[in-house]
Amino acid sequence: MEIKEYIEKNKERFFEELFELLRIPSDSSKPEHKPDMYRCAEKIAEYLRAAGVDKAEICETAGNPVVFAEKKIDPKAPTILVYGHYDVQPAEPLELWKTNPYEPVIKDGAIWARGANDDKGQSFMHIKAFEYLIKEGKLRQNVKFMIEGEEEISSPSLAPWMKANKKKLACDSILISDTTQLSEKFPSMCTGMRGLSYLEVTVKGQAIDVHSGHYGGAIYNPVNALCDMISSLIDKEGHVTVPGFYDDVAELSRKDRKLLGQMPFDAEEYLGCIGGGALKGEKGYTTREHTAIRPCLDVNGIWGGFTAPGSKTIIPSEAHAKISMRLVPYQDSAKISKLFAKHFKKITPKGLTSEVMIHHGGESFVTPLDSKEYRAAFKAMKEVYGMEPIPYRGGGSITVIAEAQKMLKATPALMGFGLDRDAIHSPNESYLLLQFFRGIECITKFYQYY
């Protein structure tokens with residue numbers, strides 16, 4: 001039976017199984033969801049056993065469990081490690097969802113739910129592709145699965161677990177579907193992703209909140225100070241002003257920039273996917289390059305003082321912000337975090353104090369276009385989509401991939417099938433059925449061409 005026929009025959013069962021996963025609120029950012037993490041891990045292990053693995057186990061870590069499974073075909077055959085994650089972003093703000101985030105529905109040709117794309121839907125494709133290969137007797141490689149529960153909080157427990165289980169995870173290649181394609185019209189393949197440094201900053205002034213009439217205009221408002229400090233972190237040309245920030249940034253050649261710039265860019269379509277807004281970025285680079293080959297700094301949240309309904313005329317005693325920096329090859333996340341902390345302290349106004357809390361970070365990575373992994377994925381996508389996929393670098397981060405690539409000496413292949421319209425990390429996340437089915441088909445053909 002061909003894969004398309006298998007999908008058509010089993011798609012209702014696929015939906016039922018995936019929806020069971022999507023109903024579990026496996027939000028790794030909240031401690032109260034710890035039981036849900038185990039429920040989700042157990043369900044994935046159940047599906048893997050049914051699909052035909054030799055064994056599937058729930059492995060304890062310092063945080064949330066890892067689902068590990070494997071199928072041995074031939075000791076002499078190459079081994080592919082499939083990576084994915086079952087944790088999801090918080091669903092809040094709930095009032096902006098048009099449907100219940102944890103009650104999946106199919107409408108307008110897509111699955112709507114938190115995790116529909118990122119990454120339950122995409123990880124599930126691998127289980128179903130594997131199931132097909134086993135049932136049809138077409139699998140020729142050894143396969144291992146590593147599905148974790150902390151990717152959305154930068155995988156703090158996974159690297160230590162991987163280090164302790166390096167022998168168990170030994171493989172030749174790593175196969176991942178946790179990325180997006182650049183357009184519905186043209187297939188594309190991610191060939192690298194940025195690293196990350198995530199921080200929280202606090203600026204403090206007077207000991208207590210004070211009357212804004214008695215003290216307004218006479219003392220430095222910490223919220224105003226924080227805004228001034230943040231504003232100074234990026235200059236008019238879009239450059240981050242932290243000293244040393246660009247010291248290790250790899251500049252790409254014209255040839256490489258041209259190769260990564262093949263995808264047609266439509267600003268109206270690009271902004272339309274997120275409901276409008278305006279383009280802005282570093283001078284001398286295109287919008288695609290801003291999110292692919294250049295580092296950046298963004299405020300992810302800012303707060304201080306009175307923010308409840310009504311009015312309260314005060315000057316707050318402190319202000320806070322969360323800041324992320326996306327990093328490119330050769331930038332070290334720990335080094336960048338330290339440079340930022342040093343600079344932030346330096347620009348703190350006299351009489352005020354500041355604190356920088358380093359939350360987490362991870363490194364960028366790239367995959368070679370001449371690898372057997374890339375060639376197999378390229379052929380698979382070309383056959384399914386009817387046109388050659390265009391290589392690009394992703395702006396997001398999967399920090400554990402750089403760690404796995406280094407630790408296991410294995411080459412990653414990123415076959416992502418999400419789209420910007422899917423609104424991952426936002427209310428009303430969805431995943432096009434067409435991409436979901438294409439993903440299963442492409443993955444099976446990856447094994448064929450590998």
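Structure: above.
Residues numbered from 1 in each chain as written. Predicted model: local features only at pLDDT ≥ 70, side-chain atom pairs only at ≥ 80, totals over all residues. Heavy atoms only, no water.

Description of the overall build of the protein
- On a plain count of helices and strands, the protein comes out with 14 helices and 18 strands.
- Relative to a compact globule of 450 residues, whose C-alpha radius of gyration would be 22 Å, the protein shows 23 Å and is just as compact.
- For the protein, the spread of C-alpha atoms along the principal axes amounts to about 80 × 50 × 45 Å.
- Considering the protein as a whole, with its 450 residues, one finds that 54% of them fall into the buried category.
- Computed over 58 positive and 61 negative side-chain charges, the inter-centroid distance for the protein is 4 Å. (Helix = DSSP H or I, 4+ residues; strand = E, 2+ residues; numbered from the N terminus. Rg over C-alpha atoms; globule rule 2.2 N^0.38 Å. Buried < 20%, exposed > 50% of the residue type's maximum accessible area, 1.4 Å probe, protein only. Lys, Arg positive; Asp, Glu negative; His and termini not counted. Charge placed at Lys NZ, Arg CZ, Asp CG, Glu CD.)

A short note on the nonpolar core
- With 61 residues, the main nonpolar core has Leu48, Met415, Phe446 and Tyr447 as its most contacted residues.
- Elements represented by at least two residues in this core include exactly helix 1 (3-22), helix 2 (34-51), strand 2 (66-71), strand 3 (79-85), helix 3 (120-135), strand 6 (142-148), helix 12 (372-385) and helix 14 (433-449).
- For this core, the leading source of residues is helix 1, giving 9 residues.
- With residues near it in sequence (within four places) discarded, Tyr447 still touches Ile80, Val82, Leu133, Leu139, Gln141, Val143 and Leu175.
- Membership of the second largest hydrophobic core comes to 29 residues, among which are Leu81, Met146, Met263 and Leu414. (Core = buried A, V, L, I, M, F, W, Y, C linked by side-chain atoms within 4.5 Å. Contact = heavy atoms within 4.5 Å.)

A closer look at unusual backbone geometry
- That bond from Glu92 to Pro93 is cis: its omega, 5 degrees, falls within 30 degrees of zero.
- By secondary structure assignment, the location of Pro93 is in the loop between strand 3 and strand 4 (105-107).
- Across the junction of Asp118 and Asp119, the peptide omega takes the value -5 degrees, indicating a cis bond.
- Relative to the assigned elements, Asp119 resides in the loop between strand 5 (110-112) and helix 3.
- Backbone geometry places Tyr330, a non-glycine residue, at a positive phi of 85 degrees.
- Summarising the element assignment, Tyr330 is placed in the loop between strand 13 (318-327) and helix 11 (333-346).
- What makes Tyr330 exposed here is its relative accessible area of 66%.

Here we look at the layout of surface pockets
- Volume-wise, the second largest pocket comes out at about 450 Å³.
- Counting only elements with at least two residues in the lining of the second largest pocket, the list comes to helix 4 (158-164), strand 14 (353-362), strand 15 (365-366) and helix 13 (399-408).
- In terms of residue count, the dominant contributor to the lining of the second largest pocket is helix 13 (5 residues). (1 Å grid on protein atoms, 1.4 Å probe; cavity = no way out; pocket = protein on both sides within 12 Å on 5 of 7 lines; lining within 4 Å. Points joined across faces, edges and corners; volume = space filled by probe spheres on them.)

Focus on the sheet that holds strand 5
- Read across the open sheet, the 3 strands follow the order 4-5-18; overall the sheet is antiparallel. Unpaired on one side and paired on the other, strand 4 and strand 18 (430-432) mark the two borders of the sheet. Between one strand axis and the next, the sheet turns through 25 degrees on average, direction left out of account.
- As paired strands, strand 4 and strand 5 are joined by 3 bridges and run antiparallel to one another. Across the sheet, the residue bridging to Lys107 is Ala110, located in strand 5.
- Across the sheet, helix 14 touches strand 4, strand 5 and strand 18, and the angle it forms with strand 18 is around 65 degrees. (Pairing = 2+ DSSP bridges. Axes fitted to C-alpha atoms, helices over the stretch in contact; angles between N-to-C directions.)

Remarks on the side chain of Ser333
- Tracing the backbone shows Ser333 in helix 11.
- A polar contact of 2.6 Å, which involves the side chain of Ser333, links it to the side chain of Glu363.
- Discounting chain neighbours no more than four positions away, the residues touching Ser333 are Leu196, Ser197, Leu327, Gly361, Gly362 and Glu363. (Polar contact = N/O pair within 3.5 Å; in protein donor to acceptor, adjacent residues only side chain to side chain.)

Focus on the pairing of strand 7 (residues 173-176)
- By the alternation rule, side chains of strand 7 split into Ser173 and Leu175 and Ile174 and Ile176, which are all buried.
- Both strand 3 and strand 7 contribute to a ladder of 4 bridges, which runs parallel. Bridge pairing in strand 7 links Tyr83 to Ile176.
- The pairing of strand 7 with strand 17 (residues 411-414) spans 4 bridges and is classified as parallel. Considered in strand 17, the bridge of Leu175 is made with Ala413.

Some words on a positive patch on the surface
- Together, Lys163, Lys166, Lys406 and Lys409 line one region of the surface with positive charge.
- Mapped onto the elements, Lys409 comes out in the loop between helix 13 and strand 17.
- According to the relative accessible area criterion, Lys409 is exposed, its value standing at 69%. (Patch = residues over 30% accessible without salt bridge, like charges linked within 9 Å, V, L, I, M, F, W, Y side chains within 5 Å. Areas by Shrake-Rupley, 256 points an atom, 1.4 Å probe, with all protein chains shown as cover. Salt bridge = Lys/Arg side-chain N within 4 Å of Asp/Glu carboxyl O.)

A short note on the packing of helix 12 against helix 14
- Interhelical geometry of helix 12 versus helix 14 gives an angle of 135 degrees and a closest axis separation of 8 Å. One way to sum up the angle between helix 12 and helix 14 is to call them oblique. Along this stretch, helix 12 crosses helix 14, giving a crossing that reads as right-handed. Contacts between helix 12 and helix 14 pair Glu373, Ala376, Ala377, Lys379, Ala380, Met381, Glu383, Val384 and Tyr385 from the former with Gln435, Arg438, Glu441, Cys442, Lys445, Phe446 and Tyr449 from the latter.
- Each residue belonging to the contact of helix 12 with helix 14 can be placed in one class, and the counts come to 9 nonpolar, 1 polar and 6 charged. (Parallel < 35°, antiparallel > 145°, perpendicular 65-115°, else oblique. Left-handed = near helix turned anticlockwise from the far one by under 90°. Nonpolar A, V, L, I, M, F, W, Y, C, P; charged D, E, K, R; others polar.)

So, the sheet that holds strand 13
- Read across the sheet, 4 strands follow the order 11-13-9-14 without closing on themselves; strand pairing throughout is antiparallel. Unpaired on one side and paired on the other, strand 11 (296-303) and strand 14 mark the two borders of the sheet. With direction set aside, neighbouring strand axes in the sheet form an average angle of 20 degrees.
- The pairing of strand 11 with strand 13 spans 7 bridges and is classified as antiparallel. Of the residues in strand 13, the one forming a bridge with Gly301 is Lys322.
- The sheet strands contacting helix 11 are strand 9 (195-204), strand 11, strand 13 and strand 14, and the helix crosses strand 14 at an angle near 170 degrees.

Considerations on the packing of aromatic side chains
- As enumerated under the stated definition, the model contains 17 aromatic pairs in all.
- Relative to Phe437, the ring of Phe15 has its centre 6.0 Å away and its plane inclined at 40 degrees; by these criteria the two rings are tilted. Taken together, the residues Phe15 in helix 1 and Phe437 in helix 14 connect sequence positions 422 residues apart.
- Ring geometry for Phe340 versus Phe344: centroids 5.5 Å apart, planes at 15 degrees, classification stacked. (Phe/Tyr/Trp six-rings, centres within 6.5 Å; stacked < 30°, edge-to-face > 60°.)

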